[in-house]
Every structure is written in structure tokens, then in C-alpha cells.
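# Examining the three-dimensional arrangement
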Amino acid sequence: AEALAAAGIEFEVVPGVTAGLAAAAATLTPLTQRGVASAVVFLTGHEDPSKEESSIRWEDYGRLGATLCVYMGMKNLETILRRLQAGGLPAETPAAVIQNATTPRQTQFVSTAGNLALESERAGFGAPAIVVIGEAVRTPSRLASLAAQAVERDLAALT
């Protein structure tokens, strides 16, 4: 919008849902959930390249206990995850890359904070993607398990 305004080009802002929320919703990942995560933080993984160093203190976020949504983080994913772990984020923390969220080409890769960077790269994941880090990443598999149990229960009731 700033570039368009500076160039004298008319534009309209259409409110929408931010990619972090959309990616989480599309994968049934609740960013906050009672007993799992009470906070969500949206961070950029790719700051202005002319900056000499990152202004994000990743180590601080590593001990926060919140769900972290990282925009544009694929290029720096290994460094981001290493710094989060240096701050106290356990390597076993669930983490996911959601590529092309909400499009027909949407794919997801789930691993742990300790393995996500290397494994998602080997699996061919890249930008555009949202990275979600935290215990909330476990919820979709829990939901699928609960749904399967409900189907089994309903089938048993029919027989």
C-alpha cells in the first residue's frame, strides 16, 4: 500500500484473514487452546535484508510457551529453530510447515522443532509457507483420532 500510494496509484484495502490464521484453520490447528497454549505470536522469519542483524530475540520466544506462527521463515528456518531451542524450546516440540495454505496445492509437513528444518527441506517444502511451532500442532491428529473413535462407536451401536 505504501508503494502504491507513493507512486500515486489508487488502491483499495480489502480486509481479510491473515495467512497464519488461515493456515492454522485449514489444517485444524487451534493456535490457542485451553490446556495447550494460552497465547499465539506472529513473527516474521525474513526481516529487511539491509538490516545488519535481526531485531527478533528468538531465544526469548523459545521459553514463552506460546504457539509461534512464523511468516516467510523457510530460508532462515534452521537458524530460527536453533535459536528458539537455545532459549529453551524443547527439540521435541511439535512443529509444522504449511505450504500454499488454503489453496488446492496446500501441503503440510509435521515434525519436531529439532528436525523440522532438515526434514522439510528434504521433503521439498519451501516458500510460500507458514511455520507453526508449539503443542497446538498435535491437535489435528488428536481430532482425527477422536473422530475415528466416534465413527467406531457409531458403527458398534448399529450392530
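Summary of the structure given here.

Cut-offs applied
- Residues numbered from 1 in each chain as written.
- Predicted model: local features only at pLDDT ≥ 70, side-chain atom pairs only at ≥ 80, totals over all residues.
- Heavy atoms only, no water.
- Core = buried A, V, L, I, M, F, W, Y, C linked by side-chain atoms within 4.5 Å.
- Buried < 20%, exposed > 50% of the residue type's maximum accessible area, 1.4 Å probe, protein only.
- Helix = DSSP H or I, 4+ residues; strand = E, 2+ residues; numbered from the N terminus.
- Contact = heavy atoms within 4.5 Å.
- Pairing = 2+ DSSP bridges.
- Axes fitted to C-alpha atoms, helices over the stretch in contact; angles between N-to-C directions.
- Polar contact = N/O pair within 3.5 Å; in protein donor to acceptor, adjacent residues only side chain to side chain.
- 1 Å grid on protein atoms, 1.4 Å probe; cavity = no way out; pocket = protein on both sides within 12 Å on 5 of 7 lines; lining within 4 Å.
- Points joined across faces, edges and corners; volume = space filled by probe spheres on them.
- Nonpolar A, V, L, I, M, F, W, Y, C, P; charged D, E, K, R; others polar.

### Focus on the nonpolar core
Ranked by size, the top nonpolar core spans 23 residues in total, and within it Leu 77, Leu 81, Leu 84, Val 97, Leu 116, Val 131 and Ile 133 carry the most contacts. Within the residue set of this core, elements represented by two or more residues are strand E1 (40–44), strand E2 (67–71), helix H4 (77–86), strand E3 (94–99), helix H5 (116–122) and strand E5 (129–133). The element contributing the most residues to this core is H4, with four residues. Residues within four places of Leu 77 in sequence aside, it is in contact with Val 97, Leu 116, Ala 117, Ser 120 and Val 131. Among the nonpolar cores identified, the runner-up in size contains ten residues, and Cys 69, Ala 96, Ile 98 and Val 137 belong to it.

### Focus: the sheet that holds E3
Remark on secondary structure: sheet strands pair via backbone hydrogen bonds, oriented parallel or antiparallel. Pairing in this open sheet of five strands is mixed, and the strands run E1-E2-E5-E3-E4 from one edge to the other. The open sheet has two edge strands, E1 and strand E4 (107–112), and neither has a second partner. Neighbour-to-neighbour, the strand axes of this sheet turn through a mean angle of 20°, independent of strand direction. Of the strand pairs in this sheet, E1 and E2 are connected by five bridges, and their pairing is parallel. By the bridge assignment, Leu 43 is partnered in E2 with Val 70. Helix-sheet contacts for helix H2 (residues 19–26) involve E1, E2, E3 and E5, and the interaxial angle to E5 is about 70°. Contacts between H4 and the sheet are confined to E2, E3 and E5, with E5 contributing the most and set at about 15° to the helix.

### Structural notes on the environment of Arg 57
Within the secondary structure, Arg 57 sits in the loop between E1 and helix H3 (58–62). For Arg 57, a relative accessible area of 56% corresponds to the exposed category. Of note is the side chain of Arg 57, whose polar atom sits 2.8 Å from the side chain of Asp 60.

### Some points on the layout of surface pockets
Looking at the largest pocket, its volume works out to about 280 Å³. Forming the walls of the largest pocket are 17 residues, and the residues nearest its centre are Gly 45, His 46, Glu 47, Ser 54 and Asn 76. Examining the composition of the lining of the largest pocket, we find that three residues originate from one element, H4, more than from any other. Residue composition of the lining of the largest pocket, grouped by class: four nonpolar, six polar and seven charged.

### A short note on the side chain of Glu 47
Looking at the element boundaries, Glu 47 is found in the loop between E1 and H3. Within the structure, the side chain of Glu 47 is placed 2.8 Å from the side chain of Ser 55, a separation counted as a polar contact. Leaving out residues up to four positions away in the same chain, Glu 47 has contacts with Ser 54, Ser 55 and Ile 56.

### Section: the pairing of E2
Burial analysis of E2 places five of its five residues in the buried class, which makes it a mostly covered element. Burial along E2 is two-sided: Thr 67, Cys 69 and Tyr 71 facing one way and Leu 68 and Val 70 facing the other are all buried. Pairing geometry for E2 and E5, over four bridges, is antiparallel. Within the sheet, the bridge partner assigned to Val 70 lies in E5 and is Val 131.

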